[in-house]
Amino acid sequence: MIEVANLTKRYGGVTAVKDLTFTVRPGRVTGFLGPNGAGKSTTLRVLLGLHRPSAGTATVDGRPFGGRPRGLRQVGALLDAQDVHGGRTARAHLTALARSNRIPPTRVEEVLEDAGLTGAARRRIAGFSLGMKQRLGIAAALLGGAPVLVFDEPLNGLDPEGVRWVRGLFRRLAAEGRTVLVSSHLMSEMEHTADDLVVVGRGELIAAESLAEFTARGCRQRVTVATPAADALLSLLTAEGASVRTEGGLLVATGMDAGRVGAIAQRHGIPLSRLQEERPSLEEAFMRLTADAVQYPTGDAR
Ligand SMILES: Nc1ncnc2c1ncn2[C@@H]1O[C@H](COP(=O)(O)OP(=O)(O)OP(=O)(O)O)[C@@H](O)[C@H]1O
Ligand SMILES: [Mg+2]
């Protein structure tokens, strides 16, 4: 279990994290989301004892993690895949990590195999592509079989096969009862992988809840209807409290579920050729609920 309590981290005049409190539970994949510069990496660095908090605490199973011996057996982490000694081979890098953490050397071959790097094990890391370094970083995090795993944007640079591997891996780790905290900007991936979310903006907590609760809160449910009697149905649905607009020959209703739309149509003998409830999307909810916290909006957002 990861517990962050009233955590503040300042770098000189910049407050990167401000009075942040959340819990990450075992047996779940928790997505750590937020716009660029929101304080995700900072939080993870403090959690792992790489940076000191200005105030508050970040603990793993009740204790600060920094400086624990054989740390890789307690917490496996990937923070920055580029941050490796390029002169070593992949196997030598993992072997050194295993040795200093008293992890049996057989684990090195297992994680190389898992990450699809067996064929590249004897190559120097300096010659690795971004995605290969990412795979190596994930392999290193898995080395100690730790009950708590932390990944900062692990999907960066991974090919579709790699993304699929990581998706399955996170689900499996959670199913084994481990605590899995993953930051990512890929909403479509998080939507399929995360159970819970911690969402931050400008260093502060925006949400800590299940993915389902977050998306439901951030998106209004939409029902799309196709009917030859669009005008009549539009008036009926509006009279019953839905907001309805036409879009490309279809009616799009919000504030009413599909069952009710169907029942109203049937009661008035209006035939429907399509009645579809759209699933709320994480991306839409994220955009809406973090809109005020975007520090570096692009031209599109203005
Ligand atoms: N070592 C540092 N020195 C000074 N400022 C820093 C340092 N590390 C982070 N910051 C600042 O803290 C804030 C939060 O940065 P952080 O890297 O934690 O954001 P993030 O949520 O990980 O963003 P991204 O999605 O872009 O990775 C930013 O304003 C950043 O400039
Ligand atoms: Mg970051």
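Residues numbered from 1 in each chain as written. Chains lettered and ligands numbered in written order. Predicted model: local features only at pLDDT ≥ 70, side-chain atom pairs only at ≥ 80, totals over all residues. Heavy atoms only, no water.

Enquirer: Would you mind showing me how to read the overall build of the protein chain here?
Expert: When helices and strands are tallied, the protein chain shows 10 helices and 13 strands. Taken along its principal axes, the extent of the C-alpha atoms in the protein chain is 75 × 45 × 40 Å. Long-range pairs, those at least 24 residues apart, make up 69% of the contacts in the protein chain with a sequence separation of at least 6. For the protein chain, the exposed area adds up to about 14800 Å²; of that, 48% sits on carbon and sulfur atoms. On the protein chain, the mean spot of the 38 positive side-chain charges and the mean spot of the 31 negative ones are 8 Å from each other. (Helix = DSSP H or I, 4+ residues; strand = E, 2+ residues; numbered from the N terminus. Contact = heavy atoms within 4.5 Å. Areas by Shrake-Rupley, 256 points an atom, 1.4 Å probe, with all protein chains shown as cover. Lys, Arg positive; Asp, Glu negative; His and termini not counted. Charge placed at Lys NZ, Arg CZ, Asp CG, Glu CD.)

Enquirer: Sorry, what's going on with the domain arrangement of the protein chain here?
Expert: Buried accessible area, meaning the area lost when the parts come together, often serves as the stated size of an interface. With domains assigned, the protein chain is organised as domain 1 (2-216) and domain 2 (220-279). Its C-alpha centre places domain 1 at a distance of 45 Å from the equivalent point of domain 2. (Domains from an automatic or database assignment.)

Enquirer: So what exactly am I meant to see when it comes to the packing of aromatic side chains here?
Expert: Given two aromatic rings, their pairing is described by the distance between the two centres and the angle made by the two planes. As enumerated under the stated definition, the model contains two aromatic pairs in all. Consider the rings of Phe22 and Phe32, whose centres lie 5.6 Å apart with planes at 50°: the pair is tilted. Of the two residues, Phe22 is situated in strand E2 (residues 14-24) and Phe32 in strand E3 (residues 28-33); the sequence distance between them amounts to 10 residues. Owing to a relative accessible area of 4%, Phe22 belongs among the buried residues under this scheme. Both rings, one in Phe151 and one in Phe170, keep their centres 4.8 Å apart while their planes meet at 40°; by these two values the pair is tilted. With a gap of 19 residues between them, Phe151 in strand E6 (residues 148-152) and Phe170 in helix H5 (residues 160-175) connect regions that are remote in the sequence. (Phe/Tyr/Trp six-rings, centres within 6.5 Å; stacked < 30°, edge-to-face > 60°. Buried < 20%, exposed > 50% of the residue type's maximum accessible area, 1.4 Å probe, protein only.)

Enquirer: Before we go on, may I ask you to explain the sheet that holds strand E7 (residues 179-183) in this structure?
Expert: Sheet architecture is open: six strands sit in the order E5-E6-E7-E3-E8-E9, paired in mixed fashion. Looking along the sheet, the strands with just one partner apiece sit at the ends: strand E5 (75-78) and strand E9 (204-210). Sheet twist, expressed as the mean angle between neighbouring strand axes with direction ignored, is 15°. Here E3 runs beside E7; their pairing, made up of five bridges, is parallel. Each bridged residue has a counterpart across the sheet, and for Arg28 the counterpart in E7 is Thr179. Running at roughly 145° to E6, helix H1 (residues 40-47) makes contact with E3, E6, E7 and strand E8 (196-201) of the sheet. (Pairing = 2+ DSSP bridges. Axes fitted to C-alpha atoms, helices over the stretch in contact; angles between N-to-C directions.)

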